[in-house]
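Topology and contacts: notes
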Amino acid sequence: MIAIDSNVLVRLLVNDDPAQGARARAAFETEQIWIAKTVLLETFWVLRSVYDFDDVAIARAPARITVRALALFVRSRACHIG
């Protein structure tokens, strides 16, 4: 299991740098991920202050992370079955 920081989550959510976004997705596809509460808080702060996310978008961010991580996990595991 690896711990990730807010930079990885921001790249995953906004994909403003395609190369770094791809690396973030790859981490979620190949690793078990641990996200600290402080990392989530910093991610929300960055989304609000740098990317002008509103309250609704920030409230949806954890679900987007969870759904994306689950989808990537299922897809990566499905490739290994059979």
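Structure shown above.
Now for a quick tour of the structure.

What counts and what doesn't
- Residues numbered from 1 in each chain as written.
- Predicted model: local features only at pLDDT ≥ 70, side-chain atom pairs only at ≥ 80, totals over all residues.
- Heavy atoms only, no water.
- Helix = DSSP H or I, 4+ residues; strand = E, 2+ residues; numbered from the N terminus.
- Buried < 20%, exposed > 50% of the residue type's maximum accessible area, 1.4 Å probe, protein only.
- Contact = heavy atoms within 4.5 Å.
- Core = buried A, V, L, I, M, F, W, Y, C linked by side-chain atoms within 4.5 Å.
- Salt bridge = Lys/Arg side-chain N within 4 Å of Asp/Glu carboxyl O.
- Axes fitted to C-alpha atoms, helices over the stretch in contact; angles between N-to-C directions.
- Parallel < 35°, antiparallel > 145°, perpendicular 65-115°, else oblique.
- Left-handed = near helix turned anticlockwise from the far one by under 90°.
- Nonpolar A, V, L, I, M, F, W, Y, C, P; charged D, E, K, R; others polar.

Here's the deal with the overall build of the protein
Counting its secondary structure elements, the protein contains four helices and two strands. Across the protein, helices and strands are ordered from the amino to the carboxyl terminus as β-α-α-β-α-α. Counting all 82 residues of the protein, 29% fall into the buried class. Intrachain contacts of the protein at a sequence separation of at least 6 include 65% that bridge at least 24 residues.

Details of the nonpolar core
Ranked by internal contacts, the top residues of the largest apolar core, which has 14 residues, are Leu9, Leu13, Phe28, Leu47, Ile58 and Ala61. Mapped by element, the contributors of at least two residues to this core are helix 1 (6–14), helix 2 (18–30), helix 3 (37–49) and helix 4 (55–78). Not counting residues within four places of it along the chain, the set of residues in contact with Ala61 comprises Leu13, Phe44 and Leu47.

Considerations on the pattern of salt bridges
Within this structure, the stated rule accounts for two salt bridges. Across the pair Arg11 and Asp16 runs a salt bridge whose closest N-O atoms are separated by 2.9 Å. Taking the relative accessible area as the measure of exposure, Arg11 reaches 13% and is therefore buried.

Considerations on the packing of helix 1 against helix 3
It is the contact of helix 1 with helix 3, at a shortest axis distance of 9 Å, that shows an interaxial angle of 50°. Accordingly, the angle class assigned to the pair helix 1 and helix 3 is oblique. Relative to helix 3, the crossing made by helix 1 is right-handed. Every residue of helix 3 that contacts helix 1 at Ser6, Leu9, Val10, Leu13 and Val14 is listed here: Val39, Leu40, Glu42, Thr43, Val46 and Leu47. Considered class by class, the residues forming the contact of helix 1 with helix 3 number eight nonpolar, two polar and one charged.

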